[in-house]
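# Structural description and commentary
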Amino acid sequence: QVRLVESGGGLVQPGGSLRLSCAASTSIFSLNVVGWYRQPPGKQRELVAAAPRTGSRYYLDSAKGRFTISRDTAKNTVYLQMNSLKPDDTAVYYCNAATQLGTTTYTYWGHGTQVTVSS
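So, here is what we can say about the structure in this document. (Residues numbered from 1 in each chain as written. Predicted model: local features only at pLDDT ≥ 70, side-chain atom pairs only at ≥ 80, totals over all residues. Heavy atoms only, no water.)

## Details of the nonpolar core
Counting residues in each nonpolar core, the largest one holds 30 residues, and the members touching the most others are Leu 4, Trp 36, Phe 67, Ile 69, Leu 80, Met 82 and Tyr 93. Elements with a minimum of two residues in this core: strand E3 (18–24), strand E4 (33–39), strand E5 (46–52), strand E7 (67–72), strand E8 (77–82), strand E9 (91–101) and strand E11 (113–117). Contact partners of Phe 67, with chain neighbours within four places excluded, come to Arg 38, Val 48, Tyr 59, Leu 80, Gln 81, Met 82, Asn 83, Leu 85, Asp 89 and Tyr 93. (Core = buried A, V, L, I, M, F, W, Y, C linked by side-chain atoms within 4.5 Å. Buried < 20%, exposed > 50% of the residue type's maximum accessible area, 1.4 Å probe, protein only. Helix = DSSP H or I, 4+ residues; strand = E, 2+ residues; numbered from the N terminus. Contact = heavy atoms within 4.5 Å.)

## A closer look at the layout of surface pockets
Here the largest pocket is characterised by a volume of approximately 160 Å³. Lining the largest pocket we find Arg 38, Pro 40, Lys 43, Glu 46, Ser 62, Arg 66, Lys 86, Asp 88 and Asp 89. Here the lining of the largest pocket is built from residues that sort into 1 nonpolar, 1 polar and 7 charged. (1 Å grid on protein atoms, 1.4 Å probe; cavity = no way out; pocket = protein on both sides within 12 Å on 5 of 7 lines; lining within 4 Å. Points joined across faces, edges and corners; volume = space filled by probe spheres on them. Nonpolar A, V, L, I, M, F, W, Y, C, P; charged D, E, K, R; others polar.)

## Regarding the environment of Gln 100
Examined against the element boundaries, Gln 100 turns out to sit in strand E9. Note: C-alpha distance between Gln 100 and Lys 75 (25 residues apart in sequence) is 22 Å. Not counting chain neighbours up to four residues away, the residues in contact with Gln 100 comprise Asn 32 and Thr 105. One polar contact links the side chain of Gln 100 to the main-chain carbonyl oxygen of Gly 102, over a distance of 3.2 Å. (Polar contact = N/O pair within 3.5 Å; in protein donor to acceptor, adjacent residues only side chain to side chain.)

## Side note on the side chain of Thr 90
Along the chain, Thr 90 falls in the loop between E8 and E9. For Thr 90, a relative accessible area of 16% translates into the label buried. Among the polar contacts made by the side chain of Thr 90, one reaches the main-chain amide nitrogen of Val 117 at a distance of 2.9 Å. When neighbours within four sequence positions are excluded, Thr 90 is seen to be in contact with Pro 40, Pro 41, Gln 114, Val 115, Thr 116 and Val 117.

## Focus: the state of the cysteines
Inspection of every chain in the model, using the stated rule, returns 1 disulfide. Linked covalently through their sulfurs, Cys 22 and Cys 95 form a disulfide whose S-S length is 2.0 Å. Where Cys 22 bonds to Cys 95 through sulfur, the torsion about that S-S bond is close to -80°, and the disulfide is left-handed. A residue pair is termed long-range when its members are at least 10 positions apart, and Cys 22 in strand E3 and Cys 95 in strand E9 qualify at 73 residues. Given the relative accessible area of 1%, Cys 22 is considered buried. (Disulfide = S-S within 2.5 Å.)

Okay, structure coming up:
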């Protein structure tokens, strides 16, 4: 079982920045992929950014050039740096991790952190 704890959300004005953190209870090096999802009010959850252990990182089109996902294996923490925030970025942001043992994929979620972009 992997526990993920997010922090860093809050209220920010349009154009501002926030850095979300996701602390994992295990070595993130052992995780096949870590990522951030978000769920805007009244909408479905969507993948914002993902960082596989190997390979290219993924970003939602609207996040490209503004958001950066990174993995700090020394701290077992995943970050999402969000710049030039817009009101449409308002959502609950969830940390996600997946690992594979044999043919079984295990997926883990944090409880979420609220990000509100408003003037």
